[in-house]
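If you want the building blocks of each chain, they are given just below.
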Amino acid sequence: AIIEIHLMPGNSFQNVFLGAHSSLGDGFTETRVSTSSSYDVYKIEVPYSGVTSYTIEGGIPGFGHIPATTENISASTTVNIDLTSVSHYTISGTVTADTGTSTDAFVWAGGPDGGGGAKVQPDGSFTMVLRAGTYDIGVGKAGFAGSIVNNQSVTSDIGNLALTLTGNTSTITGTVEYGSTTVSNVMVWADDGNGGWSGDVSEADGSFSLNVSSGEW
């Protein structure tokens, strides 16, 4: 049987994951079949015998868990999941780099109300959806230290969030030892307390090298 899920409101969420679970088996999908202003359509193929009870739930980056709903399936069925009453907002802005480009950077958000993230586009822009709440929002890219906005209150759409990337021009080197013996394959990292992060894995001789920007790490 096909469970056709109408996720409301339409054209509001990206990277949705939906699953249907029963004693007979499970089905999953991440594919949006179609979209409209009213709802997005997802389809999950599942086994059934007679009347089979399915629990349907999922998740959306930035939005969080989709509340579970239970449906009795005896043939192909349409299920409505309405998230209209849950406040969520669009967060967008730009990322600029002091050298090179912001291509391949990733903007992240995290906090007690959930989290999310978005890849930075070639023009430096990004867009993601977050539930109402308070978040730390930052940006990261290999070879750069990224800025972070702490305790950003999200109670409406935000369209001008500005984040920056600073090229790592300095190096911290050292050796990992246990007693007097060098140790390999150990994760070593540093952060500057402002969203900047650098990491490396120790080599066979215990050595490591961290590329960082100027400042305190």
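Calculation criteria
Residues numbered from 1 in each chain as written. Predicted model: local features only at pLDDT ≥ 70, side-chain atom pairs only at ≥ 80, totals over all residues. Heavy atoms only, no water. Pairing = 2+ DSSP bridges. Helix = DSSP H or I, 4+ residues; strand = E, 2+ residues; numbered from the N terminus. Axes fitted to C-alpha atoms, helices over the stretch in contact; angles between N-to-C directions. Salt bridge = Lys/Arg side-chain N within 4 Å of Asp/Glu carboxyl O. Buried < 20%, exposed > 50% of the residue type's maximum accessible area, 1.4 Å probe, protein only. Phe/Tyr/Trp six-rings, centres within 6.5 Å; stacked < 30°, edge-to-face > 60°. Core = buried A, V, L, I, M, F, W, Y, C linked by side-chain atoms within 4.5 Å. Contact = heavy atoms within 4.5 Å. Patch = residues over 30% accessible without salt bridge, like charges linked within 9 Å, V, L, I, M, F, W, Y side chains within 5 Å. Areas by Shrake-Rupley, 256 points an atom, 1.4 Å probe, with all protein chains shown as cover.

Draft legend 1. Representation of the sheet that holds strand β6 (residues 52-60). Spatial ordering of the open sheet is given by β3-β2-β6-β7, a layout of four strands whose pairing is antiparallel. Looking along the sheet, the strands with just one partner apiece sit at the ends: β3 (25-29) and β7 (64-73). The mean inter-strand angle of the sheet, taken between neighbouring strand axes irrespective of direction, is 15°. As paired strands, strand β2 (residues 17-22) and β6 are joined by five bridges and run antiparallel to one another. Looking across to β6, one finds that L18 is bridged to G58.

Draft legend 2. Structural detail: the sheet that holds strand β8 (residues 77-82). Here four strands make up an open sheet; going across it, the order is β4-β5-β1-β8 and the pairing mixed. Here the strands that pair on one side only, and so sit at the sheet edges, are β4 (34-35) and β8. Inspection of the sheet shows β4 paired to strand β5 (residues 40-45) by two bridges, in the antiparallel sense. The residue of β5 that forms the bridge with T35 is D40.

Draft legend 3. Structural detail: the pattern of salt bridges. Enumeration over the complete set of coordinates arrives at two salt bridges. Ionic pairing is found between K43 and E4, a salt bridge with its closest N-O pair at 3.9 Å. Remark: E4 occurs in strand β1 (residues 2-8) and K43 occurs in strand β5; sequence separation between them is 39 residues. Looking at E4, the relative accessible area reads 22%, which means it is partly exposed.

Draft legend 4. Structural view of the packing of aromatic side chains. Tallied over the entire structure, the rule returns one aromatic pair. Note on F17 and F28: the rings are 5.8 Å apart at their centroids and 20° apart in plane angle, and the pair reads as stacked. Pair noted here: F17 is in strand β2 and F28 is in strand β3, with a separation of eleven residues, a long-range link. Exposure remark for F17: the relative accessible area of 34% places this residue in the partly exposed category. Overall, F28 belongs to the partly exposed group, its relative accessible area being 49%.

Draft legend 5. Here's a closer look at the nonpolar core. Membership of the largest hydrophobic core comes to 20 residues, with the highest contact counts inside it found for I3 and I81. Each residue touching I3, except ones within four places of it in the same chain, is listed here: A20, Y42, K43, I44, V46, Y54, I56, I73, T77 and V79. The next biggest cluster of nonpolar side chains, apart from the first, holds 19 residues, and it includes I91, A105, V154 and L165.

Draft legend 6. Up close: unusual backbone geometry. Following M8, the chain continues into P9 via a peptide bond in cis, with omega recorded as 0°. Among the structural elements, P9 can be located in the loop between β1 and β2. Despite not being glycine, D104 shows a phi value in the positive range, around 75°. Given the relative accessible area of 55%, D104 is considered exposed. Although it is not a glycine, N185 sits at a positive phi angle of roughly 60°. By the element assignment, N185 lies in the loop between β19 (181-182) and β20 (187-191). N185 gets classed as exposed once you look at its relative accessible area, which sits at 64%.

Draft legend 7. Representation of a nonpolar patch on the surface within the structure. Residues M187, W189, W197 and V201 make up a contiguous nonpolar surface patch of about 440 Å² in total accessible area. Secondary structure elements with two or more residues in the nonpolar patch: β20 and β21 (197-201). Along the chain, V201 falls in strand β21.

Interpretation in functional terms is not warranted from these geometric data alone.
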